[in-house]
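Survey of secondary and tertiary structure
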Amino acid sequence: MGNVVNPQPPGQTQPDTQHACLRGGGSPGAGMSGAGASAAAASGAGTSCTAVSGAPTAEAPAPALAPDILTPKAAVPGRPRSAPPVSGAAEERFRGLLEAAPDAMVIVDDAGIIKLVNAQTEALFGYAREDLLGRPVELLMPHRFRGQHGVHRGRYAANRQVRPMGAGLDLHGLRQDGTEFPVEISLSPMETADGLLVSAAVRDVSDRKAAEARINELAALVESSQDAILAKTLDGYITYWNAAAQRLYGYTAEEAIGRHVSMLSPAALHGDINALLKRLRHGEKVEHFETLRVTKHGALLDIDVTLWPTRDTQGKVVGACAIVRDISDRKRAEAELTELYEQQRHIALTLQRSLMGTPPALPGLATASRYRPATQGAGVGGDWFDLIPLGAGRVGVLIGDVMGRGLEAAAVMGQLRSAAHALAKTGMQPRQLMQELESCVTDLDVPDQLVTCCYLTIAPDTGTVTVCSAGHLPTLVAIPGEGVRSLAVPVNAPLGVGDVLYEQSSVAVPPGATLILYTDGLIETPGSDIEERVGELTSVLAEFFLVPPCLEAAADHVLAGLLPDAESHNDDVTLLLAQLPDAPPDAVTTDLASVPSSVPEGRAFLNKALLSWDCVSLADEALLLISEILTNAVQHAEGPIGVRLCRTATGLTVEVSDHSPHLPQPRRAADDEESGRGLLLVRTLADTWGVRPTDEGKTTWFTLKL
């Protein structure tokens, strides 16, 4: 009770004291009692406390409480001597000290009648002073204790001493409104002329009891926690160790407390311990730090630890606490899931690559391609591209994107790629191929299935690109020294919309130009504008195509510029670059009438070209084959007839065009037939040959290797 109540050893006095008031529990003298008050009073257990400052001890005159209760009495052996008469000034001094006491002060006689109280008593119990004076002290105690209180009071009278009441017991007071509250009571006996007086200092300990209960509750929670909880100094020495920590690490509390936390870490990770302690000394909280720890028996544990600094009342960091959770099972499960995921991803990507195929290297057309699977899910998707040799030096370039992700999109992609490749090999024009693919998508019977696709046919000898786009992103063309632009071609609706008449367009592309085709995974990001991202792609390409570049390096440059984080794209990415030759191959053309004399005229035209190209070694076979094709054109087709000869570094190509849409088919002629053997001859002697439809009719061609 501050400087008013101070404990002192039994039998020892203190000068200049006027009244004894001890800390402690309820008292039989003051009316506050607990279940064990009887034993406490009888035994006289407890310690004495100092008297109110300025009051005499049993060796000195006692203060005057009131004229009728301060009359001196003859000393009784073994008991404190009675107080001699005191002056009015001393009595006033005592009353002032009584009112100034921080605790409720209740003074009763040996019959338990309240003789004197202070203002704190009124405030604590809710009674006015006049309602307490002359009343039994039992008025201030719960009803369940009142029956035994007289017995306790009698035992105290037989063993009077300054002490706390009911040490170790829970004592309670009773307010006027009927509410109970926990208290501590200090008792101090005093002999007067009118008999024994007992002074009780009563203190409300509700807040302290609540705090103790909360502390006990928290302590129980900590001790019963399934997570290991430990405390340590800022130097890393363990000061607390709960039962879960013992189960986790194998050390008992006696073995762990006082030792350094580095005993729990593998030697290679001691640096982590020092780094964590440094962060804690700076007041930093460390949450969910995953690391390895070692048990008493040497086993390694994967753990998740959260650490936070502890502070004193001034806010200074004085230590740290840690909650440690064993995550070994979780780590093992994660490793198994990761392995399973990688296996499934490998299977899915193998499937996707098999569906996409490996485009062949094409003579006369340099290419570079990149495919990046999505980093989310199984990684498979609906992107595909294809390079298709069409014969006669022409190349088909196809790129597409099935809307959606996963195996379903990949399955649709595989079917469409196979169909598109087969259709392209027939030599049909881009718009016809796209019309057929539209039917394929419809036949798949997949609800709301949409596919974007772009098909180009490249004729390097003429520098012509014919394009049909079904809702696909614009094809870009990079021309060294001239920059990068989009091909000006119409964009049709995506495949799957239905009832669309697809259009195509032919565009002249200069020698050495590079065509850039891509899917939306390269440029589409959440919240981005497609046109702006296409502009970014154009800028990245323009920086690299100032001079004729290496296509492989250009592809890497584009991916680095558009996808700086290779592990964070949610859609698969396809990029294809195709570069036309720097110089067109040698080529000559002529037109012939659809008359028999055109056959020798065409032979003469071919022979002259072979002589000028120094290809006379091919003359016999080439002249025979062109004669057969020209004869078929004169007999079965419509004129005029066009002849085109093209020489590359690897071979000779001869094309004969007419205006008949009928495509000839090789067949075996009967023994008595004069015709029907020409195409079989072409098929046998030519290295490659074919027929492709055109807007005007068809073109029959063959090639011979040099």
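The structure displayed is predicted, hence computed values, not measured ones.

1. A look at the overall build of the protein
Regarding its fold elements, the protein presents 17 helices and 31 strands. Counting all 706 residues of the protein, 48% fall into the buried class. In the protein, of all internal contacts separated by at least 6 residues, the share reaching a separation of at least 24 is 63%. Surface summary for the protein: the accessible area is close to 33100 Å², and the carbon and sulfur share equals 53%.

2. Examining the sheet that holds strand 22 (residues 483-486)
Each strand in a sheet pairs with its neighbour through backbone hydrogen bonds, running either in the same direction (parallel) or in the opposite one (antiparallel). With respect to topology, five strands assemble into an open sheet ordered 16-26-25-21-22, the strand pairing being antiparallel. In the strand order of this sheet, the two ends are held by strand 16 (366-372) and strand 22, each with one partner. With strand direction ignored, the average angle separating the axes of adjacent strands in the sheet is 15 degrees. Note: strand 25 (residues 514-518) against strand 26 (residues 573-579), five bridges, orientation antiparallel. Paired with Ile516 across the bridge in strand 26 is Leu577. Across the sheet, helix 14 (residues 551-562) lies against strand 16, strand 25 and strand 26, angled at about 30 degrees from strand 16, the strand it touches most.

3. A closer look at the state of the cysteines
With the rule as written, the count across this model stands at zero disulfides. Between Cys454, a free cysteine, and Cys453, which holds the nearest cysteine sulfur, the sulfur-to-sulfur gap is 7.1 Å.

4. Examining the pattern of salt bridges
Tallied over the entire structure, the rule returns 26 salt bridges. A salt bridge links Arg370 to Glu552; the nearest nitrogen and oxygen atoms lie 2.8 Å apart. Separated by 182 residues along the polypeptide, Arg370 in strand 16 and Glu552 in helix 14 bring together distant segments of the chain. Residues participating in the shared-partner salt-bridge network are Glu290, Arg330, Lys331 and Glu334.

5. Side note on unusual backbone geometry
Residue Pro640 follows Gly639 across a cis peptide bond; omega there is -5 degrees. With a phi close to 55 degrees, Asp448 is a non-glycine residue in the positive phi region. A residue is classified by how much of its surface remains accessible, and Asp448, at 78% relative accessible area, is exposed. We note that Asp614 has phi near 60 degrees; this positive angle belongs to a residue other than glycine. Mapping Asp614 onto the fold places it in the loop between helix 15 (598-612) and helix 16 (619-636).

6. Some thoughts on the packing of aromatic side chains
Aromatic rings in a pair are described by how distant their centres are and how their planes are angled relative to each other. Within this structure, the stated rule accounts for three aromatic pairs. Judged by centre distance (6.5 Å) and plane angle (70 degrees), the rings of Phe544 and Phe545 are edge-to-face. In this arrangement the basic side chain of Arg175 is found over the ring face of Phe181, its NZ or CZ atom lying 4.0 Å from the centre.

7. Overview of the confidence of the model for the protein
Confidence in the prediction for the protein averages 82 pLDDT; 85% of positions are at 70 or higher. Scored below 50 in pLDDT, residues 1-84 shows 264 contacts in the model against residues more than four places distant or in partner chains.

The rules behind each value
Residues numbered from 1 in each chain as written. Predicted model: local features only at pLDDT ≥ 70, side-chain atom pairs only at ≥ 80, totals over all residues. Heavy atoms only, no water. Helix = DSSP H or I, 4+ residues; strand = E, 2+ residues; numbered from the N terminus. Buried < 20%, exposed > 50% of the residue type's maximum accessible area, 1.4 Å probe, protein only. Contact = heavy atoms within 4.5 Å. Areas by Shrake-Rupley, 256 points an atom, 1.4 Å probe, with all protein chains shown as cover. Pairing = 2+ DSSP bridges. Axes fitted to C-alpha atoms, helices over the stretch in contact; angles between N-to-C directions. Disulfide = S-S within 2.5 Å. Salt bridge = Lys/Arg side-chain N within 4 Å of Asp/Glu carboxyl O. Phe/Tyr/Trp six-rings, centres within 6.5 Å; stacked < 30°, edge-to-face > 60°. Lys NZ or Arg CZ within 6 Å of the ring centre and 35° of its normal. pLDDT = per-residue confidence, 0-100.

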